[in-house]
Amino acid sequence: MFYEDTFTILEELKIKNLINNDIYLKINEWLKKDYDKSVKDELINLIRKRDYKTLIESFYTAMEFGTGGLRGIIGPGTNRMNIYTVRRATAGLCEFLIKSSGVKKPGVVIAYDCRNKSLEFTKNAAMVLAAKNIKTYIFDDIKPTPLLSFAVRYLNATAGIIVTASHNPPQYNGYKVSDKTGSQVVPPWDKKIIEMVNSITELDKISVTDFKKARQKKKIIMLGRKIDKSFIDMVLDYVSYLPSPGISKIKVVYTPLHGTGYRIIPEVLKKIGVKRLYLVKEQSIPDGSFPTTRSPNPEEKEGLNMGLQYMEKNQADLLIATDPDADRVGIACRDKDNNIVLLTGNKTFSLMTDYVLMHYKELGKLEGENVVIKTIVTTDLVKDIASKYGVKVVETLTGFKYIGEKINDYEILGMKNGGNKEKINPENFIKWAKTREEIRRKWYQRYSKYYVLGGEESYGYSQGTFIRDKDSITSSAIIAQLVVYWKNKGKTLVDRLKELYEEFGYYEEGVLNYKFEGIEGKNKMDSLMKMLREKPLENIAGIKVIKVADLLKDEIVDIDGKILPKSDVVIFELDNRRGKVIARPSGTEPKIKFYVLCRMDIQKDLYNTRTELDNFINKVKEEITKIVDTIKRR
């Protein structure tokens with residue numbers, strides 16, 4: 001229960017104009033209504049500390065259900081992740097599934113990661129679904145995002161939910177929705193769900209059912225490890241065509257960064273033959289507080305420090321690190337001088353593309369219709385590599401959901417063009433075949449005619465169509481095989497990258513992140529994007545801008561003739577094939593990203609070229625930072 005001093009302090013904050021009347025009324029409503037005690041206690045604690053800044057941030061707006069779902073700081077309030085914002089999102093999803101999905105008896109699969117309150121949020125989502133008589137499946141333990149994607153199709157469900165904030169700091173959690181294909185929702189689903197969520201304003205009136213009773217009535221079904229096994233079988237079948245003799249001799253360090261990969265990735269690596277596997281024990285214990293690192297993000301060196309120490313101590317060939325929901329994977333390898341080198345997502349994806357297409361060609365699987373899918377902010381080195389093998393590259397908007405959508409398009413195309421007409425579901429593969437060899441043969445017949453692999457610069461990759469999301473599990477297996485393949489030829493991954501640069505030109509990339517915190521943050525972000533549109537840059541770091549594409553108004557058509565959805569993105573293409581600079585507000589965080597994607601023909605040698613291109617990228621960063629700082633100071 002709360003005490004009278006709570007209201008006294010709240011009144012004091014209002015009188016001093018530290019909170020406005022609208023915030024005051026919203027907080028009062030949360031205190032007086034029959035909200036959960038633990039949520040109220042958190043709110044009372046903020047009031048007693050007179051933390052008016054946090055109170056304002058927590059209540060000044062309702063947390064927006066974006067095109068992928070929710071992501072925010074855990075805490076009480078309409079703009080925080082708590083059981084009520086989760087219930088609201090789920091209630092909106094229920095309305096969509098019942099009224100607009102076209103399915104008479106919808107079903108939903110829910111997975112959750114290691115983050116604080118993930119299980120609590122999962123149960124609350126399930127209780128809302130069960131109250132609407134929507135059959136709900138929940139995993140009995142934390143699970144990776146790719147397994148959720150697989151399970152949606154395996155169980156023939158209508159949608160999927162995963163409770164995760166990906167690689168964000170520990171105070172965050174989130175909620176993402178997948179469609180019936182296991183891909184994150186795209187138009188028109190996303191917009192319709194958002195409409196349904198926004199129509200729900202009274203959080204305390206959302207119907208929920210008792211969790212235990214719903215389980216007894218089989219409205220909520222707990223899932224064991226059967227699906228894990230089926231998923232692992234699919235991964236092993238897919239990667240089995242890639243050569244990996246000698247894989248037992250390499251040393252691999254793996255860290256799940258306290259996340260959901262802690263069990264499944266070591267199992268897969270061991271099954272493909274990795275015997276000298278060193279787990280970062282301190283980070284192999286799931287923990288939403290991420291006690292051993294400030295950043296559970298494999299994109300950042302700080303998040304890999306402990307893994308790098310293990311790598312050095314054990315003289316390992318490879319470090320693999322996955323984020324908390326195990327959809328992203330970062331790696332470190334060694335160069336010819338035995339130095340440890342961190343690889344970016346762009347470099348890793350380029351190496352994977354080169355390796356996989358090389359073996360597709362050797363297997364006679366390249367028929368002139370294969371595709372690699374990448375986002376517009378991913379390196380164009382992938383295009384050069386694919387072109388060498390006669391494979392086309394399809395570009396999507398930023399966000400892996402668009403890659404998942406394209407995989408679905410190619411699956412449908414395969415069915416129309418003579419593929420097996422049986423309903424596409426991973427479970428069918430298991431029903432079709434008694435041996436892995438037969439599964440593999442049917443797999444190639446059905447899918448590899450078109451889609452080969454997909455990836456994005458932010459460390460997310462996909463291979464095979466049994467997953468429609470970023471998949472660090474299959475990727476980890478392929479990366480280990482990749483290291484072995486080149487080691488057998490006396491080369492490191494760094495050596496192979498240099499060969500690709502010498503063949504296609506030197507590519508380098510950079511990402512600039514500018515945060516716009518607080519209530520005024522969004523207005524300043526909007527002002528910056530408006531300025532870039534109305535007064536586009538004519539040159540960048542001394543290189544002429546030859547083309548400006550505004551994805552909010554320009555009609556952008558991909559290589560298949562499909563019009564890309566409108567998006568808040570501005571692309572500046574530079575002269576002399578020097579590259580491009582892309583401005584894009586984040587869809588999940590209060591920040592704008594500038595992607596700097598540059599290329600240069602090899603000059604005297606690779607070292608001089610790299611130095612010259614690095615200097616150019618630094619000039620680009622300086623110019624962009626000045627522009628952003630000008631907007632921030634206004």
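So, a few notes on the structure that sits alongside this text. Going along each chain's sequence as written, the residues are numbered from 1 onward. Only residues with pLDDT of 70 or above have their local features reported here, since the model is predicted, and side-chain atom pairs are shown and tallied only from 80 upward, although totals for entire chains, interfaces and linings are computed over all residues. Remark: hydrogens and water are excluded; side-chain values derive from all non-hydrogen atoms of the structure.

1. Observations regarding the pattern of salt bridges
- For this document, the term salt bridge refers to a Lys or Arg side-chain nitrogen within 4 Å of an Asp or Glu carboxyl oxygen. Taken as a whole and judged by the stated rule, the model has 45 salt bridges.
- We note a salt bridge from Lys374 to Glu395, for which the minimum N-O separation is 2.7 Å. Here Glu395 lies in strand 13 (residues 392-396) and Lys374 lies in strand 12 (residues 371-375), a separation of 21 residues in the sequence.
- Note that Glu395 and Lys383 form a salt bridge whose closest N and O atoms lie 3.2 Å from each other. Taken together, the residues Glu395 in strand 13 and Lys383 in helix 14 (residues 381-388) connect sequence positions twelve residues apart.
- Looking at Lys383, the relative accessible area reads 30%, which means it is partly exposed. Segments assigned H or I by DSSP are reported as helices when at least four residues long, segments assigned E as strands when at least two residues long, and all are numbered from the N terminus. The rule is simple: take the accessible area with a 1.4 Å probe, protein chains only, and divide by the maximum for that residue type; under 20% is buried, over 50% is exposed, in between is partly exposed.

2. A look at the sheet that holds strand 17 (residues 539-540)
- The strand order across the open sheet formed by six strands is 16-21-20-19-18-17, and the pairing between neighbours is antiparallel. Each edge of the sheet is formed by a strand with only one pairing partner; in this case those strands are strand 16 (506-515) and strand 17.
- Following DSSP output, two strands are said to pair if at least two bridges run between them. Pairing analysis gives ten bridges linking strand 16 to strand 21 (residues 591-600), with the strands arranged antiparallel. Across the sheet, residue Tyr514 finds its bridge partner in strand 21, namely Ile592.
- On top of the sheet, helix 21 (residues 606-633) reaches strand 16, strand 17, strand 18 (543-550), strand 19 (570-574), strand 20 (579-585) and strand 21; it is set at about 20 degrees to strand 16, its chief contact. Any two residues whose heavy atoms approach within 4.5 Å at even a single point are treated as in contact. Every axis in this analysis is a line fitted to C-alpha atoms, fitted for helices over the stretch in contact. Angles between the N-to-C directions lie between 0 and 180 degrees.

3. Focus on the nonpolar core
- Only buried residues count toward a nonpolar core, which is a set of Ala, Val, Leu, Ile, Met, Phe, Trp, Tyr and Cys residues joined through side-chain atoms within 4.5 Å. Counting 110 residues, the largest nonpolar core has Phe231 and Phe594 as its most contacted members.
- Per element, the largest residue contribution to this core is ten residues, and it comes from helix 18 (residues 472-488).
- Residues within four places of Phe594 in sequence aside, it is in contact with Gly510, Val511, Leu512, Tyr514, Leu528, Leu532, Val581, Ile582, Ala583, Ile624 and Val628.
- With 64 residues, the next largest nonpolar core counts Leu13, Leu97, Tyr112 and Ala130 among its residues.

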